[in-house]
There are 2 protein chains.
Amino acid sequence: MLQPDFDSTVIDARLAAAKEASYRLARATTAEKDAALERIASDLRARADEVIAANRLDLEAGRSSGLTTGLLDRLALDEGRIDALAAAVLEVISLTDPVGETLTGRTLPSGVRIDQIRVPLGVVGAIYEARPNVTIDIAVLALKSGNAVVLRGGSAAEQTNRVLVDVLRGAIDAVGLPAGAVQTVDDYGRAGARHLMQARDYVDVLIPRGSAGLIRAVVDEARVPVIETGAGVVHMFLDASAPEQWAVELVHNAKVQRPSVCNALETLLVHRDAVDRVLPAVLDRLEASGVTIHADERVRALRPEALPVTDEDFATEHMSLDLSVAVVDSIDDALAHIRTFSTRHTESIVTNDLANAERFLNEVDSAAVMVNASTRFTDGAEFGFGAEVGISTQKLHARGPMGLPELTSTKWIVRGAGHVRA
Amino acid sequence: MLQPDFDSTVIDARLAAAKEASYRLARATTAEKDAALERIASDLRARADEVIAANRLDLEAGRSSGLTTGLLDRLALDEGRIDALAAAVLEVISLTDPVGETLTGRTLPSGVRIDQIRVPLGVVGAIYEARPNVTIDIAVLALKSGNAVVLRGGSAAEQTNRVLVDVLRGAIDAVGLPAGAVQTVDDYGRAGARHLMQARDYVDVLIPRGSAGLIRAVVDEARVPVIETGAGVVHMFLDASAPEQWAVELVHNAKVQRPSVCNALETLLVHRDAVDRVLPAVLDRLEASGVTIHADERVRALRPEALPVTDEDFATEHMSLDLSVAVVDSIDDALAHIRTFSTRHTESIVTNDLANAERFLNEVDSAAVMVNASTRFTDGAEFGFGAEVGISTQKLHARGPMGLPELTSTKWIVRGAGHVRA
């Protein structure tokens, strides 16, 4: 679709409408918000044909513009996927509404009462790529936590997202909440995205979801506060004492179970004393699952056919069945390698040495640090959050898997009876 | 002092040293950190003459460059103030170390154990203006919470800060912690500040403290995440039912007790039905304390000699004995005015109407919202935090008075026994 000429007043009007709607949503009861979610789920199912027709246009455009099979698959919606999407919306109803929760409170010596309670952030901006399920996902999580949302979903899914946004707005309106709570800037392309990233007066937080390149671009351009999510150059370290069977199973699970996600393993570091004892079985198991090994010299002594590993490999989130493997002389060298190349998402040590386990837990500065567990556990659903907004790899506000509480801020409520400060 | 030519490699080396020191500090025990604080306090007292001599140079330069009396007063250090500063450092020892606190934890259905624990942020950048006490203040709070700190303290205090940084580094080194934990970019002026604001690879968060202009400049220029602090266009609303005596005392305390701080009152809104009954006594009390009233037409009907108020007044944090006063027709109009002009720091309603009190608490979107209490209560010490890093007026990470926990992030610790994801 041709993009209209960029008109910042139109976009500002949408952002202002989102802000206005956010005030109403902040006061919406859990029952009102859950009614909206229920309606979204039923409208999604009722309007599945319309969504699929729009999706077909996106898929056709994607095929002619040469999108990869992987991207086309992420883009595609059929009856079954829409049904699963609707079911996921209904699951959000069962999650605890974080708004209004009292986090702490006390009576001050003067008799003034203070309470810190959770309130919605306000307006959440979401920037993501060609995954129409994210449109529904992020909108319903924002809604449940009392936030308005401004979406920028990537041009490849534009037709699909247009219908999905219409479904969302219609459902919200039908239950008496403001349809303005869901806005899109998709029709203004990159200029719209750029405007969204600058809109400090209207948008309280930006959440980019997608490739490392997308996230980097948002961090570089945004003046609105950003929560960095996702990119995972994830490490596992096989310590000298790593039990062989655990090593084989943990490395295989972390790399192979779902290679295209951010908590999948990218680099395996092996203590030199574990190389002969453990590494052959680990590599056998990986190779049997079609993993391509990028190896340093010491690993290639065992596997001459492996590709040579480069610093660029060490810094890359492959999201494929590629794995970098290197031998280190000590846990210090492993920690130094991780410090240099990790994106601070998840790292795991496989060991039977308690001192090294504790040292790894203390010294690795990542959102999740593990002992003898698969890195695939870093996930909102696995952590029991019921839903996941993304996985934060930054240190402010939220770190690691983000659930509904991470879409809230707080407010101090202060009650006096004519109290003045002495 | 002449600034050296800007050399980003020198500054990067300092930032890298701060980062390196932050790894050691993250593992420092509370006892180690407290020993450093104790040493800082005693060294401050022992080197008071040196500090005062440097401060004299800054004061002379300030006088010849025409700094206001107020700024010169903030800049000045004497024996008494240095002693008070040392005493404040010792008080931080008694605060609970937030590092290592377990915030939540559970055993997942698979048997994997997860715990969310507090960890230091890493490297905290502080940008502030001509207040040498902030140099000590922010450095010791960062230190107690396990963070390294990079300071940019404003050229007017450069000589004083140079000695204070030397005291801090000397004391930290003397107890066996890395002196690199305290860095300054003061000697590189604005170019140094700019470099600090861009240094995402080294700095985890920037905290600007000072004027609205300083904070705006940092927000605009920074690529490092910023916690906005301080600017307070603070409102009080006298509802139709406001008890007269409370109104008189609360408005007076909020405006007059300490007009130069961010939680002081800037705008008084009065319900039209309270004007005749309450406002004269409120204004009498203010005027007796020398407050200059900037008033709208309806207030000037009572006080023709008052200055006419402008939208610019409504948007200004005067930090002086100036007060904007306006009459509103309803609580809705009061809420609308606050939404337009508030900096979302603190607002208070004076009322005897429970429904309006609850509405005000719910609908005002500020860090602290009060009923029948002076806005001066929004303060880390008053809230019982023992120390205050600043008052956040943003919604991410921290909102309202920030204590030591707000200088931390979290980390998920995951312990398994060969657990793989199904």
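Calculation notes
Residue indices begin from 1 for each chain and proceed along its sequence in written order. Chain A is the first chain written and ligand 1 is the first ligand written, with later ones labelled in order. Restriction of local features to residues with pLDDT of at least 70 applies here, the model being predicted, together with a cutoff of 80 or more for giving and counting side-chain atom pairs; totals for whole chains, interfaces and linings are based on all residues. Excluding hydrogens and water, the side-chain values take into account all heavy atoms of the structure. We count a stretch as a helix when DSSP gives it H or I for four or more residues in a row; a strand needs E for two or more, and each element gets its number in order from the N terminus. The reference for a compact globule is 2.2 Å times residues^0.38; the radius of gyration itself is calculated from the C-alpha atoms. Relative accessibility decides the category of a residue: with a 1.4 Å probe and only protein chains considered, values under 20% of the type maximum give buried, values over 50% give exposed, and everything between is partly exposed. By definition in these notes, contact holds between two residues if any of their heavy atoms fall within 4.5 Å. We place the copies in one frame by least squares, fitting the C-alpha atoms of every residue whose pLDDT is at least 70 in both. His residues and chain termini do not enter the charge count, which takes Lys and Arg as positive and Asp and Glu as negative. When a carboxyl oxygen of Asp or Glu lies within 4 Å of a side-chain nitrogen of Lys or Arg, that pair is called a salt bridge. For this analysis, a polar contact is any N or O atom pair within 3.5 Å, provided that within protein one partner can donate a hydrogen and the other can accept it, and provided that sequence-adjacent residues contribute only side-chain to side-chain pairs. An automatic or database domain assignment supplies the residue ranges for each domain. Stacked, tilted and edge-to-face pairs are distinguished by plane angle, under 30 degrees for stacked and over 60 for edge-to-face with tilted covering the rest, among Phe, Tyr and Trp rings (Trp via its six-membered ring) whose centres lie within 6.5 Å. The criterion is that NZ of a Lys, or CZ of an Arg, lies within 6 Å of the ring centre and within 35 degrees of the ring normal, and then a charge sits over that ring. We treat two strands as partners when DSSP finds at least two bridges between them.

Draft legend 1. Local environment of the overall build of chain A. Counting secondary structure elements, chain A contains 15 helices and 16 strands. Taking 2.2 N^0.38 as the reference for a compact globule, 422 residues should give roughly 22 Å; the C-alpha atoms of chain A span a radius of gyration of 24 Å, in line with that estimate. C-alpha atoms of chain A, sized along the principal axes, occupy 70 × 70 × 35 Å. Scored against the burial criterion, the 422 residues of chain A give a buried share of 59%. Contacts spanning at least 24 positions in sequence make up 73% of the contacts within chain A whose residues lie at least 6 apart.

Draft legend 2. Focus on the relation of the copies chain A and chain B. The operation relating chain A to chain B is a screw motion whose rotation component is 180 degrees, with 0.0 Å of axial translation and a residual RMSD of 0.0 Å. Seen this way, the second copy is the image of the first under a two-fold rotation axis. Measuring from the rotation axis to each C-alpha of chain A, the shortest distance belongs to histidine 397 of chain A, at 1.8 Å. Same-surface contact between copies: 100% of interface residues of chain A are shared with the interface of chain B.

Draft legend 3. Geometry of the side chain of glutamate 317 of chain A. Residue and element names in this part refer to chain A. You can see glutamate 317 is positioned in the loop between helix 13 (311-314) and strand 11 (322-328). Despite its burial, glutamate 317 pairs with no opposite charge, the nearest such side chain being arginine 74 at 8.7 Å. Within the structure, glutamate 317 has its side chain in polar contact with the backbone nitrogen of glycine 232 (distance 3.0 Å). In contact with glutamate 317, other than residues within four places in its own chain, are Gly230, Ala231, Gly232, Val233, Val261, Cys262 and Glu266.

Draft legend 4. Structural view of the domain arrangement of chain A. In terms of domain boundaries, chain A breaks down into domain 1 (16-229 + 400-415) and domain 2 (234-377). Here the C-alpha centre of domain 2 of chain A lies 35 Å away from the C-alpha centre of domain 1 of chain A.

Draft legend 5. Expanded view of the pattern of salt bridges. Inspection of the entire model under this criterion finds 70 salt bridges over all chains. In this structure, aspartate 83 of chain A engages arginine 45 of chain A in a salt bridge whose closest nitrogen and oxygen atoms are separated by 2.8 Å. Here aspartate 83 of chain A is found in helix 5 (residues 79-93), whereas its partner arginine 45 of chain A is found in helix 2 (residues 30-46), with 38 residues between them in sequence. Residue arginine 45 of chain A is classed as partly exposed on the basis of its relative accessible area of 35%. Salt-bridge contacts for arginine 303 of chain A lead to glutamate 305 of chain A; the nearest nitrogen and oxygen are separated by 3.9 Å. Among the charged side chains, a network of salt bridges with common partners joins Lys19 and Asp204 of chain A together with Arg344, Asp365, Lys395 and Arg399 of chain B.

Draft legend 6. Spotlight on the packing of aromatic side chains. Throughout the structure, instances matching the rule amount to eight aromatic pairs over all chains. The interplanar angle of 50 degrees and the centroid separation of 6.0 Å between the aromatic rings of tryptophan 412 of chain A and phenylalanine 385 of chain B together place this pair among those described as tilted. One end of the pair, tryptophan 412 of chain A, is in strand 16 (residues 408-419); the other, phenylalanine 385 of chain B, is in the loop between strand 13 (368-373) and strand 14 (390-392), on a second chain. An identical accessibility class is assigned to tryptophan 412 of chain A and phenylalanine 385 of chain B; each is buried. Ring pairing ties together the aromatic residues Phe383 and Phe385 of chain A together with Trp412 of chain B, which thus form one cluster. Over the ring of tyrosine 23 of chain B we find arginine 339 of chain A; its NZ or CZ atom is 3.5 Å from the centre of that ring.

Draft legend 7. Region of interest: the sheet that holds strand 10 (residues 307-308) of chain B. Strand order in this open sheet of 10 strands is 1(A)-2(A)-16(A)-13(B)-12(B)-7(B)-8(B)-11(B)-9(B)-10(B), and the pairing throughout is mixed. Sheet topology places strand 1 (102-107) of chain A together with strand 10 of chain B at the edges, where each strand pairs with a single neighbour. Sheet topology note: the strand 9 (residues 292-295) of chain B/strand 11 (residues 322-328) of chain B ladder contains four bridges and is parallel. Paired with alanine 295 of chain B across the two strands is valine 325 of chain B, which belongs to strand 11 of chain B.

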